[in-house]
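The primary structure of each chain is shown beneath.
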Amino acid sequence: MIKQSPSKIKTGSPENFISHAQISGIGIALPEKIITNFDLAKTLDTSDEWIAARTGIHERRIGDKNTATSDLCVTAAQQALQEAEISGSDLNLIIVCTVTPDNPVPSTACLVQERLGAKQAGAFDLSAGCTGFMYGLTVGSQFIETGFCQKILVLGADMLSKITDWNDRSTAILFGDGAGALVLTPSHAEKSGLLKFRLKADGSGASFLMVEAGGTRSPACEETVKNRKHYLKMEGKPVFKFAVNAILDGVTGVLKEENLTVDDIDCFIFHQANIRIMENAAKQLKIPMEKVFTNVGRYGNTSSASVPLALYEARQEKKFTTGSYVLMVGYGAGLTWGSALMRW
Ligand code: COA
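Everything numeric in this text was worked out from a predicted model, so none of it was measured.

## Here we look at the site of the ligand
Item 1. In the vicinity of the ligand, 21 residues are found, and the nearest of them are Thr46, Arg54, Arg169, Lys237 and Asn274.
Item 2. Between the ligand and the protein, one listed contact pairs an oxygen atom with a side-chain N or O atom of Trp50 at 3.4 Å.
Item 3. The contact in question runs from an oxygen atom of the ligand to an N or O atom on the side chain of Lys237, over 2.6 Å.
Item 4. Here the ligand, which alone exposes 960 Å², has 73% of that area covered by the protein.

Here it is in structure tokens:
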């Protein structure tokens, strides 16, 4: 017999009806150390003028050598749990979206689970490049909607500084470290919470953003280290083009399914990689830039942390309030992209 998902069962009591997942708490963590474009220009053949004009980035946060991804996760998680008024022991599941785990084995999620005292929770890492958080949000929301979990922690956390070649001016100027955490719980109101998702991938562009060594294709050895194969390599131009198209597809895809237009959306949160990518996509979609939240200038591209960091700050700046529609889009290595439509 096929069991009906609890989310679709409407009984007498409204608490038994789960319409969607909702965000009950948000937290962030950023390393204290700020590296400005002027700092980078001291060691690289670049300038503040070039970086600011081509990317919109002015500074980024970089963790010290003693800080690992799980440290940022724990700080962000504690803040999110506090807002949600729950503790680690209440969690059913922890998803850490990252491409820069503390160790290849075990998962960073398990390290976070232990430090949060989340004794009832399952925990796993999710890898989808800078789109990781959008994938994690989608996966977590499905578990809430089916009734399998009631309290989920989704973290987007990366320390790309640890896999950046600081001698490569084409990538070193772009990235920063950070973490964002969300607590997902069931929403019992109609049309409220995380309404629609879109996940996409195109592995034909895998080589555009890649760390060549350290995996099974090319395990770490003296040679790979000598040849700097453990750093992130990127082909900027095709990635730029892909990124703009990813935003176009992410936005139009979910809006069409929900019968909405860009004018219905109060706030757009795009992955913060380059202001020109956001401006280019916004122009094509006819979205005024006032509706596109940006903080790339202060943090650079923080990979999986970028969407939750922007969401946190956009809420602080009251770019959306109760009842607002918020549309988030992520894109990155894989290639991958994904979007989510939310009614706050
Ligand atoms: N400082 C100064 N000059 C630089 C430079 C730097 N940091 N990096 C490249 N240049 C030079 C190049 O050598 C080139 O010089 P040339 O014309 O003499 O050959 C010139 O600037 C233009 O380089 P180009 O690579 O064409 O610049 P661009 O306009 O494509 O901008 C990126 C480069 C990386 C900013 C841009 O391609 C980009 O943002 N791509 C997407 C990156 C991204 O979002 N990645 C993450 C996705 S999750």
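Past the structure itself, the notes keep going.
## Quick word on the domain arrangement of the chain
Item 1. Splitting the chain by domain gives domain 1 (8–191) and domain 2 (194–343).
Item 2. Counting residues at the interface gives 54 residues for domain 1, matched by 47 residues for domain 2.
Item 3. In this assembly, domain 1 packs against domain 2 so that about 4,100 Å² is buried in total across both faces, 62% of it on carbon and sulfur atoms.
Item 4. Ranking the residues of domain 1 by area buried against domain 2 places Cys130, Met134 and Lys191 at the top, with a combined share of 15%.
Item 5. At the junction of domain 1 with domain 2, the criterion picks out 3 salt bridges.

## Examining the pattern of salt bridges
Item 1. One pass over the full model with this rule turns up 11 salt bridges.
Item 2. The partner of Arg198 in a salt bridge is Asp249, with the nearest N and O atoms 2.9 Å apart. Here Arg198, found in strand β8 (residues 193–201), pairs with Asp249, found in helix α8 (residues 236–257); they are 51 residues apart in sequence, far enough to count as distant.
Item 3. Each of Lys191, Lys196 and Glu258 takes part in salt bridges that share partners, so that together they form one network.

## Points about helix α9 (residues 275–285)
Item 1. Turning to α9, its buried residues are Ile275, Ile277, Met278, Ala281, Ala282 and Leu285. One side of α9 holds all its buried residues, which, seen down the axis, span an arc of 160°.
Item 2. In this structure, the buried residues of α9 make contact with α2 (48–55), α8, β11 (267–270), β12 (292–293), α10 (296–299) and β13 (325–332).

## Focus: the nonpolar core
Item 1. In this structure, Ile247, Val251, Phe268, Phe270, Leu327 and Tyr331 are the most contacted members of the largest nonpolar core, which totals 46 residues.
Item 2. Not counting residues within four places of it along the chain, the set of residues in contact with Leu327 comprises Gly250, Val251, Val254, Leu255, Ile265, Cys267, Phe268, Ile269, Ser339, Ala340 and Leu341.
Item 3. If you look at the next biggest cluster of nonpolar residues, it comprises 38 residues, including Ile26, Ile28, Cys97 and Phe293.

## Thoughts on the side chain of His20
Item 1. Following the sequence through the fold, His20 ends up in strand β1 (residues 20–29).
Item 2. For His20, the side chain forms a polar contact with the main-chain oxygen of Leu194, separated by 3.3 Å.
Item 3. Those residues in contact with His20, other than ones at most four positions away along the chain, are Ile144, Glu145, Thr185, Pro186, Ser187, Lys191, Ser192, Leu194 and Leu195.

## Examining the environment of Gln79
Item 1. Within the fold, Gln79 resides in helix α3 (residues 69–84).
Item 2. The sequence separation of Gln79 and Gly300 amounts to 221 residues, and the corresponding C-alpha distance is 22 Å.
Item 3. At a separation of 2.9 Å, a polar atom in the side chain of Gln79 contacts the main-chain amide nitrogen of Ile28.

## Some thoughts on the packing of α8 against α9
Item 1. Running from amino to carboxyl end, α8 crosses α9 at an angle of 45°, the nearest separation of the two axes being 9 Å. Our classification of the angle between α8 and α9 gives oblique. The element α8 and its partner α9 pack so that their crossing is right-handed. In this structure, α8 uses Phe240, Ala243, Val244, Ile247, Leu248, Val251 and Thr252 to contact α9, whose residues at the interface are Arg276, Ile277, Asn280, Ala281, Gln284 and Leu285.

## Some points on the packing of aromatic side chains
Item 1. Applying the stated rule across the entire model yields 5 aromatic pairs.
Item 2. On the numbers, 5.8 Å between centres and 70° between planes, the contact of Phe242 with Trp337 is edge-to-face. You can see Phe242 sitting in helix α8 and its partner Trp337 sitting in strand β14 (residues 336–343), a full 95 residues away along the chain. Neither residue differs from the other here; Phe242 and Trp337 are each classed as buried.
Item 3. With a centroid separation of 5.2 Å and an interplanar angle of 70°, the aromatic rings of Phe320 and Trp344 are classed as edge-to-face. Taken together, the residues span a long stretch of sequence, with Phe320 in the loop between α11 (306–316) and β13 and Trp344 in the segment after β14 at a distance of 24 residues.
Item 4. By relative accessible area, Phe320 is classed as buried at 3%.
Item 5. A residue is classified by how much of its surface remains accessible, and Trp344, at 24% relative accessible area, is partly exposed.
Item 6. An aromatic cluster of at least three residues, connected via ring pairs, comprises Phe242, Tyr331 and Trp337.

## Overview of the pairing of strand β5 (residues 122–126)
Along any regular strand the residues' side chains alternate between the sheet's two faces.
Item 1. Sheet topology places strand β4 (residues 93–97) next to β5; 5 bridges connect them, and they run parallel. Residue pairing across strands places Cys97 opposite Leu126, the latter belonging to β5.

## Digging into the pairing of β13
Item 1. The buried fraction of β13 amounts to 8 of the 8 residues, a majority that puts the element mostly inside the structure.
Item 2. Relative to β13, β11 runs parallel, the two sharing 4 bridges. Across the sheet, Phe268 pairs through a bridge with Leu327, a residue of β13.
Item 3. Here 8 bridges tie β13 to β14, and the two strands are oriented antiparallel to one another. In the sheet register, Tyr325 faces β14, and the bridge partner there is Arg343.
Item 4. In sequence, β13 turns back onto β14 through a hairpin of 3 residues, with Gly334 there showing a positive phi of about 145°.

What counts and how
Residues numbered from 1 in each chain as written. Predicted model: local features only at pLDDT ≥ 70, side-chain atom pairs only at ≥ 80, totals over all residues. Heavy atoms only, no water. Near = heavy atom within 4 Å. Polar contact = N/O pair within 3.5 Å; in protein donor to acceptor, adjacent residues only side chain to side chain. Areas by Shrake-Rupley, 256 points an atom, 1.4 Å probe, with all protein chains shown as cover. Domains from an automatic or database assignment. Contact = heavy atoms within 4.5 Å. Buried area = accessible area lost by both parts, 1.4 Å probe. Salt bridge = Lys/Arg side-chain N within 4 Å of Asp/Glu carboxyl O. Helix = DSSP H or I, 4+ residues; strand = E, 2+ residues; numbered from the N terminus. Buried < 20%, exposed > 50% of the residue type's maximum accessible area, 1.4 Å probe, protein only. Arc of directions from axis to C-beta. Core = buried A, V, L, I, M, F, W, Y, C linked by side-chain atoms within 4.5 Å. Axes fitted to C-alpha atoms, helices over the stretch in contact; angles between N-to-C directions. Parallel < 35°, antiparallel > 145°, perpendicular 65-115°, else oblique. Left-handed = near helix turned anticlockwise from the far one by under 90°. Phe/Tyr/Trp six-rings, centres within 6.5 Å; stacked < 30°, edge-to-face > 60°. Pairing = 2+ DSSP bridges.

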